[in-house]
Amino acid sequence: MPAKYRWWQSGIVYQVYPRSFQDSNRDGIGDLKGIAARLDYLVELGVDAVWVSPIFPSPMADFGYDVADYAGIDPMFGTLSDFDALVAAAHARGLKIILDFVPNHTSDQHPWFVESRSSRTNAKRDWYIWRDAKTGGVPNNWVSEFGGSAWTWDAATQQYYYHAFLKAQPDLNWRNPDVRAAMLAVLRFWLDRGVDGFRVDAIHHLIEAEHLNDNPPNPDWREGQSPARRLARVYSLDQAETHDCIAEMRALADTYENRVLIGEASLPIEQLMAYYGKEAPGFHLPFNFHLIKSSWDPQVIAALIEQYEGALAGGAERWPNWVLGNHDRSRVASRIGPAQARVAAMLLLTLRGTPTIYQGEEIGMADVPIPTQCLRDPWEKNVPGLGLGRDPERTPMQWDASGNAGFTGGDPWLPLSSDYRAVNVEAQRTDDRSMLSLYRALIALRRREPALSVGVHVKAEAIGSVLTYRRFHAGRWVTVALNFADEPQMFSKPVDQDAILISTHLDRVEPERGNAVRLRPNEGIVLAAA
Ligand code: NOJ
Ligand code: CA
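The structure contained in this document is the topic of the report that follows. Every residue gets a number counted from 1 within its own chain, in the order that chain's sequence is written. The naming scheme follows written order: chains are lettered A onward, ligands numbered 1 onward. Under the rules for a predicted model, residues below a pLDDT of 70 receive no local features and side-chain atom pairs below 80 are neither given nor counted, while totals for whole chains, interfaces and linings still include all residues. In computing side-chain values, all of the structure's heavy atoms are included and hydrogens and water are not.

## Considering the overall build of the protein chain
Put simply, the rule is: Numbering goes from the N terminus for both helices and strands, where a helix is a DSSP run of H or I of at least four residues and a strand is a run of E of at least two. Atoms counted for the radius of gyration: C-alpha only. Globule rule: 2.2 Å times residue count to the power 0.38. Buried residues are those whose accessible area, probed at 1.4 Å on protein chains only, stays under 20% of the maximum for their type, while exposed residues exceed 50% and partly exposed ones sit between those limits. Contacts are assigned to residue pairs with any non-hydrogen atoms lying within 4.5 Å of each other. Accessible surface area values rest on a Shrake-Rupley calculation with a 1.4 Å probe, where residue burial reflects the displayed protein chains alone.
Looking only at helices and strands, the protein chain has 16 helices and 18 strands in total. In terms of overall size, the protein chain behaves like a compact globule, its C-alpha atoms giving a radius of gyration of 23 Å where 530 residues would be expected to give roughly 24 Å. Taking the principal axes of its C-alpha atoms as reference, the protein chain extends roughly 80 × 50 × 50 Å. Classification of the 530 residues of the protein chain by burial places 61% in the buried group. Partitioning the contacts of the protein chain with sequence separation of at least 6, the portion at a separation of at least 24 is 68%. Entry remark: accessible area of the protein chain is about 19800 Å², with carbon and sulfur atoms responsible for 51%.

Structural data, given as structure tokens:
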């Protein structure tokens, strides 16, 4: 790999959702020792970094995104020494560890909030966002992301507090310098322990407009969509001052060597660009969720890639990234179907920009229907029946055909997919056409061909049902052609691109002498000079 690129530019990130990765103590919930036991699998897959969703002490109202102690490990996941052992074991294998940092809100059980709510004159009162009732009730019309008012009344102190998410997740007041200092100290705590970076949660929620005016209605909202989206969140999201806070996080991270900050903000591309930094550097990688949000249509995806590349070109230090799924969104194999999921894998792993793989994507795991009595996600419980619940994409990793797919010897916290005896790592490892084999081959190819990992991107376009683009590095061209259709398509290939390096069907690596290649239904190929 050309040395001038950082690991987070040339590498691949793998997201572990710890509750569902591997249980080691039969309580039905994944844990740190479980992750450590599976590191060799991640090495075999070929990824570079493991982002672990929250593992800190938490009442688990939002499954760890409600943190009660930023400098500890929830006993459910293990201990600080288990964590140190995991970092050491990962580093020994050349893997980086990225933690989840949740700066917008704490748990309502966090000692800071317990103090803050104890009285109006408490020193930590201003660490959260407290307001008097307005005539008629709540301070404004803001709606929580998970449904209901974003304000909860505290009877003891006769004020409301603000929460962008659950009422068990009160928002911190980032305008208070002591809050900023305390949260930067959290980053320092983990950086000193050797973590290689952070995925920073819900960053566009960090600061609210000081006037707290009502948000206007969103004219694009339709019945059946999330209630929070009824309003255009102009005063509660994406406020300018957020960038000063991010710049402080970045300045701190930059005092360490080789660390990465990845920001989570689901925003349109133009707004997202500011998260790379305005006056001062911001995130290395503001997550780009647009492959999840866009319809799976070659014209739409080509336009998206060009729009994103065009926007990135407006700033020198903007490295791209792409994501097909995570613990908050319906799995890609369910959204677009298993055949196209292979095409999506090729897209993810041949585009310019750091790919993030969500656990289970690499074996084609699909959303799992959750019987009512097994529902866990508070969003589904608060706003039932709209398909907002996130349990289906959070079910346990399918390792093998044994009981509970080898995930746990106990009772799994969420049900397993009924297909796990067929769809699992063990079965796919020895099947040289499996999804796992495809991921491994694509990752290996990306590693072998710098044009794919760090090369420039040249023009995505859709020709009929075929999405095509080229990558270039150090005199070497690579061409990608992806058939989005369920029927064969002819693809006129560039002259000189005579060798198929890989097909999503994993059955042909051959020279193509003619001017055109016949792509089979749902087939993607990567071509280069023979
Ligand atoms: C985004 C996280 O990915 C999601 O799981 C969580 O519920 C919210 N942020 C609130 O922290
Ligand atoms: Ca466990």
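## Describing the packing of aromatic side chains
Operational definition: Each pair of aromatic rings taken from Phe, Tyr and Trp, with Trp reduced to its six-membered ring, is defined by centres within 6.5 Å and is described as stacked if the planes are under 30 degrees apart, edge-to-face if over 60, and tilted in the remaining cases.
Using the criterion set out here, one finds 25 aromatic pairs in the structure. Ring geometry for Tyr41 versus Trp399: centroids 5.1 Å apart, planes at 85 degrees, classification edge-to-face. Placement of Tyr41 in helix 3 (residues 39-45) and of Trp399 in the loop between helix 13 (378-382) and helix 14 (425-429) is noted, with a sequence separation of 358 residues between them. We note that Tyr41, like Trp399, is buried. For the pair Phe56 and Trp190, a centre-to-centre distance of 5.6 Å together with 50 degrees between the ring planes defines the contact as tilted. Taken together, the residues span a long stretch of sequence, with Phe56 in the loop between strand 2 (49-52) and helix 4 (80-92) and Trp190 in helix 6 (residues 177-192) at a distance of 134 residues. Both residues of the pair, Phe56 and Trp190, belong to the buried class.

## Digging into the coordination of the calcium ion (ligand 2)
Using the following cut-off: Because no water is among the atoms considered, metal sites can look incomplete, with donors defined as N, O and S atoms within 2.8 Å of the metal, or 3.2 Å for Na, K and Ca.
Around the calcium ion (ligand 2), the donor atoms from the protein are Asp23 (OD), Asn25 (OD1), Asp27 (OD), Ile29 (O) and Asp31 (OD), and they sit 2.2 to 2.3 Å away. Sequence spacing of the donors to the calcium ion (ligand 2): D-x1-N-x1-D-x1-I-x1-D.

## Let's talk about the site of ligand 1
Note the cut-off: Being near a molecule or strand, for a residue, means having at least one of its heavy atoms within 4 Å of it. Side-chain atoms alone can form a polar contact between residues adjacent in sequence; in general such a contact is a pair of N or O atoms within 3.5 Å, and within protein one must be able to donate a hydrogen while the other accepts it. All residues other than Ala, Val, Leu, Ile, Met, Phe, Trp, Tyr, Cys, Pro, Asp, Glu, Lys and Arg, Gly among them, are scored as polar; the first ten of these are nonpolar and the last four charged.
In the region of ligand 1, the neighbouring residues are Asp62, Tyr65, His105, Phe146, Phe165, Arg199, Asp201, Glu264, His327, Asp328, Arg390 and Arg394. Here an oxygen atom of ligand 1 and a side-chain polar atom of Asp328 are 2.5 Å apart. With respect to ligand 1, the side chain of Arg390 contributes an N or O atom lying 2.9 Å from an oxygen atom. Protein coverage of the free-state accessible area of ligand 1, which is 290 Å², stands at 97%. Looking at the shell around ligand 1, its residues break down into three nonpolar, two polar and seven charged.

## Focus on unusual backbone geometry
Not every positive phi belongs to a glycine, and Asn258 is a case in point at roughly 60 degrees. With respect to the helices and strands, the residue Asn258 is situated in the loop between helix 7 (242-253) and strand 8 (260-263). In this structure Asn258 comes out as partly exposed when scored by relative accessible area, which is 34%. Backbone geometry at Asn522 places phi at a positive 55 degrees, although glycine is not the residue there. Position of Asn522 among the secondary structure elements: in the loop between strand 17 (516-519) and strand 18 (524-528). Accessibility expressed as a relative area gives 12% for Asn522, which makes it buried.

## A few points about the packing of helix 12 (residues 338-350) against helix 15 (residues 435-448)
Note the following rule: The convention used is that axes are lines fitted to C-alpha atoms, helices contributing only their stretch in contact, and that angles between N-to-C directions extend from 0 to 180 degrees. Working definition: roughly parallel below 35 degrees, roughly antiparallel above 145 degrees, roughly perpendicular at 65 to 115 degrees, and oblique for all remaining angles. Working rule for handedness: look at the near helix, and if it is turned counterclockwise from the far one by less than a right angle, call the crossing left-handed; if clockwise, right-handed.
Contact geometry of helix 12 with helix 15 gives a least axis separation of 10 Å together with a crossing angle of 20 degrees. It follows that helix 12 is roughly parallel to helix 15 by the angle criterion. In this structure, helix 12 meets helix 15 at a crossing whose hand is right-handed. Of the residues in helix 15, those touching helix 12 at Ala341, Arg342, Ala345, Met346, Leu348, Leu349 and Thr350 are Met435, Leu438, Tyr439, Leu442, Ile443 and Arg446. Class assignment for the residues of the contact of helix 12 with helix 15 results in 10 nonpolar, one polar and two charged.

## What about the sheet that holds strand 4 (residues 130-131)?
Defined as follows: By definition, two strands form a pair when at least two bridges between them are found by DSSP.
Read across the sheet, three strands follow the order 4-6-5 without closing on themselves; strand pairing throughout is antiparallel. What marks the edges here is a single partner per strand, and that holds for strand 4 and strand 5 (151-154). Bridge analysis of strand 5 against strand 6 (residues 159-162) gives four bridges, and the strand direction is antiparallel. Across the sheet, Asp154 pairs through a bridge with Gln159, a residue of strand 6.

## Things to note about the nonpolar core
Our working rule: What we call a nonpolar core is a set of buried Ala, Val, Leu, Ile, Met, Phe, Trp, Tyr and Cys residues that are connected through their side-chain atoms within 4.5 Å.
Core analysis: the biggest nonpolar cluster contains 141 residues, and Tyr14, Phe198, Met249 and Leu467 have the highest contact counts within it. What Met249 contacts, discounting residues up to four positions off in sequence, is Phe101, Pro103, Trp174, Leu184, Leu187, Val200, Ile203, Leu206 and Leu261. Trp142, Trp151, Phe165 and Val383 belong to the second largest nonpolar core, which has 16 residues in total.

## Considering helix 10 (residues 298-312)
In plain terms, the rule: Helix span, as expected, comes to 1.5 Å for every residue beyond the first.
Look at helix 10: 21 Å from first C-alpha to last across 15 residues, which is about the 21 Å you get at 1.5 Å a residue. Residues of helix 10 that are buried: Pro298, Ile301, Ala302, Leu304, Ile305, Tyr308, Glu309, Ala311 and Leu312. As for helix 10, its buried residues are in contact with helix 8 (269-273), helix 9 (290-293), strand 10 (321-323), helix 12, strand 12 (456-463) and strand 13 (466-473). Two or three places before Gln299, at the opening of helix 10, Asp297 has a side-chain oxygen 2.7 Å from that residue's backbone nitrogen.

## Some details on the pairing of strand 14 (residues 476-483)
With six of eight residues buried, strand 14 lies mostly within the body of the structure. Counted along the chain from strand 13 to the antiparallel partner strand 14, the turn is two residues long, and its residue Ala474 has a positive phi close to 45 degrees. Direction of pairing for strand 14 relative to strand 18: antiparallel, over a ladder of five bridges. Opposite Val478, over in strand 18, you have Ala528 as the bridge partner.

## Let's talk about the sheet that holds strand 13
Read from one edge of the open sheet, five strands run 12-13-14-18-16, paired in antiparallel fashion. Each having just a single partner strand, strand 12 and strand 16 (499-503) make up the two edges of the open sheet. With strand direction ignored, the average angle separating the axes of adjacent strands in the sheet is 20 degrees. For strand 13 and strand 14, the ladder comprises eight bridges, and the chain directions are antiparallel. Paired with Phe472 across the strands is Trp477, a residue of strand 14. Docked against the sheet, helix 12 engages strand 13, strand 14, strand 16 and strand 18, running at close to 155 degrees with respect to strand 14. Against the sheet, helix 15 engages strand 16 and strand 18, with an angle of about 135 degrees to strand 16.

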